[in-house]
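Read off the chains here:
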Amino acid sequence: MPKTHTFAGGYKFVNFEGQPKPVLEEAVIPLRVSVPLRQGFGAEGDCLVEVGEKVSAGQIISHIEKGVASPVHATINGVVEEVRRVNYFQCDCLMVSIKGDGSPGYQKVPGAAGNWEQWSAQELEKVLYLSGVTALDREGIPTRFHSSVIHPEDVENLIVHGIGSEPYNISIDVLLQGKNTLHLIEGIKILHKIMPKARVYFALNNQRKKILEEIKKLTCPFDWLEICSLEPKYPQGYDELLVPTILKQKFPYGYSAANIGAVVLNLQAVLQVYEAAAEGKPLIERTVALCGPAFKEPLHIKVRIGTVLKDVVSARIKEGVAPRFVRNGLLTGAELKDANLPIDKTYSQIIAIPENRQRQFLAFLRPGFKSDSYSRTFLAKFLPGAKKSCETNKHGEERPCISCNYCEEACPVSIIPHLLSKYVQRNIIDETLMRLRIFNCIECGLCSYVCPSKIPLAEYIKEGQEKLTIQGCDRNQCILPYFDNIRGIEEYRGAKEVY
Amino acid sequence: MKILRDIFENLNRLSQQNKLLKRLKPVIAATDEFFFGTAQVTATPHIVDHIDIKRFMSFVIIGLLPATIAAIYFWGLRVLLVIAISYTFGGLIEVVFAAVRKKEIHEGFLVTGLIFPLILPPTVPLWMVAVGVMFGVIFGKEAFGGTGRNVFNAAIVGRIFLSVAFPQAMTVSWSRPFHQGLGGFLKFSADAATQATPLALFKNDMLITNFWDLFFGNSLGCIGETFRLGIILGGLFLILAKISNWRLPLAAILSVLFFSFLGNLFAAQKFAPPLFQILSGGLLLGTFFMLTDPVTCPFTKAGKWLGGIMFGFLVVLIRGLSGYTEGVMFSILLLNVFAPLIDHLVLDVKYPALKK
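Residues numbered from 1 in each chain as written. Chains lettered and ligands numbered in written order. Predicted model: local features only at pLDDT ≥ 70, side-chain atom pairs only at ≥ 80, totals over all residues. Heavy atoms only, no water.

A. Up close: the overall build of chain A. The helix and strand inventory of chain A stands at 14 helices and 16 strands. Relative to a compact globule of 499 residues, whose C-alpha radius of gyration would be 23 Å, chain A shows 23 Å and is just as compact. Split into buried and exposed, the 499 residues of chain A put 59% on the buried side. Long-range pairs, those at least 24 residues apart, make up 71% of the contacts in chain A between residues at least 6 apart in sequence. In chain A, 60 positive and 57 negative side-chain charges are present, and the distance between their average locations comes to 6 Å. (Helix = DSSP H or I, 4+ residues; strand = E, 2+ residues; numbered from the N terminus. Rg over C-alpha atoms; globule rule 2.2 N^0.38 Å. Buried < 20%, exposed > 50% of the residue type's maximum accessible area, 1.4 Å probe, protein only. Contact = heavy atoms within 4.5 Å. Lys, Arg positive; Asp, Glu negative; His and termini not counted. Charge placed at Lys NZ, Arg CZ, Asp CG, Glu CD.)

B. Summary view of unusual backbone geometry. Of note, the bond from Tyr234(A) into Pro235(A) is cis; its omega dihedral lies within 30 degrees of zero at -5 degrees. Secondary-structure assignment places Pro235(A) in the loop between β11 (225-230) and α5 (239-247). Cis peptide bonds are those with omega within 30 degrees of zero, and the linkage from Thr44(B) to Pro45(B) qualifies with 0 degrees. Position of Pro45(B) among the secondary structure elements: in the loop between α3 (25-35) and α4 (53-75).

C. Looking closely at the pattern of salt bridges. Tallied over the full model, the rule gives 34 salt bridges over all chains. Between Glu107(B) and Arg399(A) there is a salt bridge whose closest N-O contact spans 2.8 Å. With Glu107(B) in the loop between α5 (78-101) and α6 (108-118) and Arg399(A) in the loop between β16 (349-354) and α8 (406-410), the pair connects residues from two separate chains. This pair shows no difference in class: Glu107(B) is buried, exactly as Arg399(A) is. Its salt-bridge partner being Arg5(B), residue Asp32(B) comes within 3.3 Å of it at the nearest N-O pair. Taken together, the residues span a long stretch of sequence, with Asp32(B) in helix α3 and Arg5(B) in helix α1 (residues 2-17) at a distance of 27 residues. Just as Asp32(B) is buried, Arg5(B) falls in that class too. Each of Glu397(A), Arg399(A), Glu33(B), Lys54(B), Glu104(B) and Glu107(B) takes part in one network of salt bridges that share partners. (Salt bridge = Lys/Arg side-chain N within 4 Å of Asp/Glu carboxyl O.)

D. Here's a closer look at the interface of chain B and chain A. At the interface, 57 residues of chain B touch 74 residues of chain A. Summing both partners gives a buried area of about 6,100 Å² for chain B against chain A, and 56% of it is carried by carbon and sulfur. Where chain B packs against chain A, one counts seven salt bridges. With a closest N to O distance of 3.0 Å, Lys350(B) and Glu408(A) form a salt bridge. Counting the contacts that link chain B with chain A gives 36 residue pairs in polar contact (both at pLDDT 80 or more). Among the elements of the structure, α1, α3, α4, α16 (301-321) and α17 (328-350) of chain B are those that each provide at least two residues to the side of chain B that touches chain A. (Buried area = accessible area lost by both parts, 1.4 Å probe. Polar contact = N/O pair within 3.5 Å; in protein donor to acceptor, adjacent residues only side chain to side chain.)

E. How the structure looks around a positive patch on the surface. Residues and elements named next belong to chain B. On the surface, a cluster of positive charge is contributed by Lys-19, Lys-22, Arg-23, Lys-25 and Lys-102. A total of three residues in the positive patch trace back to one element, the largest contributor, which is helix α2 (residues 19-23). With respect to the helices and strands, the residue Arg-23 is situated in helix α2. (Patch = residues over 30% accessible without salt bridge, like charges linked within 9 Å, V, L, I, M, F, W, Y side chains within 5 Å. Areas by Shrake-Rupley, 256 points an atom, 1.4 Å probe, with all protein chains shown as cover.)

F. Structural context of the sheet that holds strand β12 (residues 262-266) of chain A. Residue and element names in this part refer to chain A. Strand order in the open sheet formed by five strands is β1-β11-β10-β9-β12, and the pairing between neighbours is parallel. If you trace the sheet from one side to the other, it starts and ends with β1 (4-5) and β12, each paired once. Both strand β10 (residues 199-205) and β11 contribute to a ladder of six bridges, which runs parallel. Paired with Tyr-201 across the two strands is Glu-226, which belongs to β11. The sheet strands contacting helix α4 (residues 209-218) are β10 and β11, and the helix crosses β11 at an angle near 170 degrees. Lying over the sheet, helix α6 (residues 267-279) contacts β9 (157-162), β10 and β12, oriented at roughly 90 degrees with respect to β12. (Pairing = 2+ DSSP bridges. Axes fitted to C-alpha atoms, helices over the stretch in contact; angles between N-to-C directions.)

G. Representation of the sheet that holds strand β5 (residues 54-55) of chain A in the model. One open sheet accounts for four strands, arranged β3-β8-β7-β5 (chain A); its pairing is antiparallel. Among the strands making up the open sheet, the edge pair consists of β3 (32-36) and β5 of chain A.

H. Inspection of α17(B) at higher detail. A maximum bend of about 40 degrees is found in α17(B) at Phe338(B), where proline Pro340(B) lies one to four positions downstream. Residues Val328(B), Met329(B), Phe330(B), Ser331(B), Ile332(B), Leu335(B), Asn336(B), Ala339(B), Ile342(B), Asp343(B), Val346(B) and Leu347(B) constitute the buried set of α17(B). Residues of α17(B) that are buried make contact with α9 (417-425) and α10 (431-435) of chain A together with α8 (154-165), α15 (283-290) and α16 of chain B. (Bend = angle between axes of the 7 residues up to and from the residue.)

I. Region of the structure containing a nonpolar patch on the surface. Residues and elements named next belong to chain B. Taken together, the side chains of Ile-62, Leu-65, Ile-69, Leu-182, Phe-185, Leu-186 and Phe-237 make up a nonpolar region of the molecular surface, amounting to roughly 640 Å² of accessible area. When residues in the nonpolar patch are grouped by element, the largest group, three residues, is from α4. Ile-69 gets classed as partly exposed once you look at its relative accessible area, which sits at 45%.

J. Broad picture of the environment of Asn169(A). Residue and element names in this part refer to chain A. Here Asn-169 shows up in the loop between β9 and α2 (172-175). A residue is classified by how much of its surface remains accessible, and Asn-169, at 18% relative accessible area, is buried. For the pair Asn-169 and Ser-348, spaced 179 residues apart in sequence, the C-alpha separation works out to 8.6 Å. The residues touching Asn-169, leaving out its near neighbours within four places in the chain, are Gln-19, Pro-20, Gly-164 and Gln-349. Side-chain polar atoms of Asn-169 contact the backbone nitrogen of Ser-165, separated by 3.5 Å. Reaching out from Asn-169, the side chain makes a polar contact with the backbone oxygen of Glu-166 at a distance of 2.9 Å.

As structure tokens, then:
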């Protein structure tokens, strides 16, 4: 068995109540979708369809003139109802609303027929680009069509991971059910064909020993693939920590792994790469885990991209619970306040936790059979089967910092959050903050999580970074001098146009 | 519970209107927050840890309970009176400062109010307790801005003030502890003793007190420092619960062992042997409960090691070469003074200047 790698700091989230059951439900084909033309990273394309036009699922509806992006597809068969600009995750984006007829069929990707092993790398790149899977995850999959900020020849390392270090994670058993383990290996082989210079690392939770053994047996003949088992400590699933832990390289905080030649992909992205190349399936569907104690039955569903959030969750919430919906990660995820907005390709979890404004009697003296804490002051830490409660109460008033140092111990990038936030609160914004590596912060939220004084440390650090930038101190001065082979920087920052 | 909730709602409403109650708003808020948790919800991150400062301080008090209960057993029910006076007068100062500044009362005082009596001699006059705690809270904490901003440990400041202002009462009169049957639980105060404390016995006559007596508390000393078994258990409990950091006590104890071993080797008439040094005086109480006070100790990990070593060196030095028999309180104060400098040096090494 390979050795377990890990990093300094971090915190293991264990056994929160409301974990999604390893059951996959095929969602009903929705009668209406709203497809955003800008999802995740990447530029927004121009809309190719008009109101009243008939579209079929899998038809490309956006055209990219310039910028880093991949095509966006219609996700159901039907008629275009409306094309308008909506405020979607803090930017105005074009949304195409389609009224569907309920039929499940889809249009296959042109050129995808038969054996992918007989195609050339260029043909593979074209099929993946046209299917839209090259836009998945943080920086996408590089092709010569500018689907990512770097070129496929620049990729030195490819990391495929299914770590699951968040409080709630999508289940690997659901993703790899049936023949999907073999499909995963095929997907990795497809990616190896596109990026032949890349060394591939497959990283999994070190507790999934059976799957690790299975994958090891299946990938024995490949000498370009290495298996890593990692400790599921939050935030191991972040690119900023996968690269240093697996590749032992320094990470340019504030930039992406693509800038140092590493592509990081989740298991679901690789499975969808296989489906695109071998079955010709375009990117119209996602497997999403519904997690959290506010759901009647937390499980996994397959949804068409563009399904309105209300249609998915409103019937599944417990009675009498006021839920808060969060996307993907509980510590850093965006709150989904508007239930009329759609689900897009960046979703892998929808977490619903109850809002709790109850003032609990003698809250600080309770034994805490269900309370999660970084300190060992609650009984839940000593009872291995205890399911930890999860709700939005702050559990304490904001108090002055006592320098208990929990935040420094938990920080995964070895900065000192309480010290930085004291400088920011007293408005002493100068090069000292840069020397104390304030720009290393990856916004994982652990410092605010562990603080007993309930100080919003992550917010203060972000404020400090913004104030420093306003004063003219650039984060490049802190990060770039330590790297000599960084590429794609201007394209990443948008300073150079990509055609 | 509902009745309590209603009482606080009414008080909150009245304090908006009534001028006197408005001044006392910090007290009402503190009592309200003691009984009921908060109604606030999170922003990002959407969940937070369940611990809060009240629980943090409550655990420190739980760690101090073995020493406190043993103190009542040894010195009688008068100890409870001393503790009550410490909380009352210190709390009064906190309330006055909070009312004048129009800020909230913070929980730091809960621990200071219990530690301060434990480092006083059992025969201390009650008025001296009040004066000491008030001095400590004003000049050790409030003058610097309250909890979280104090440079010195407030209890130590009060104790040193009393040592310097009233040296006779602090060094000459001690009591003999009860150690039979139910002991001090049934008596009010202990009889005065004509002997000296173990440290004074060594300094004057080179007598080493029996280790069992020192360990289980059958010796003379300050109110809370004699039941050393309880102190060690309480300290280990806090370290296991992650309330206290383990580096400082370990560094301090190893450092005392090392330097007193050296001292005993070369000048045995001045420096006591290592194990006796650990088990005598207020060293264990100071190491586990006052040195590890998170606000006043160095916050960096390397700083904690350096601070512990410095503390140990100073304790052995002051005990051996100065006119005082006990060096712990001065060493703690000196460590508090040096803590920011130690942190500054460690940060300079840990975060070197940026490459150009």
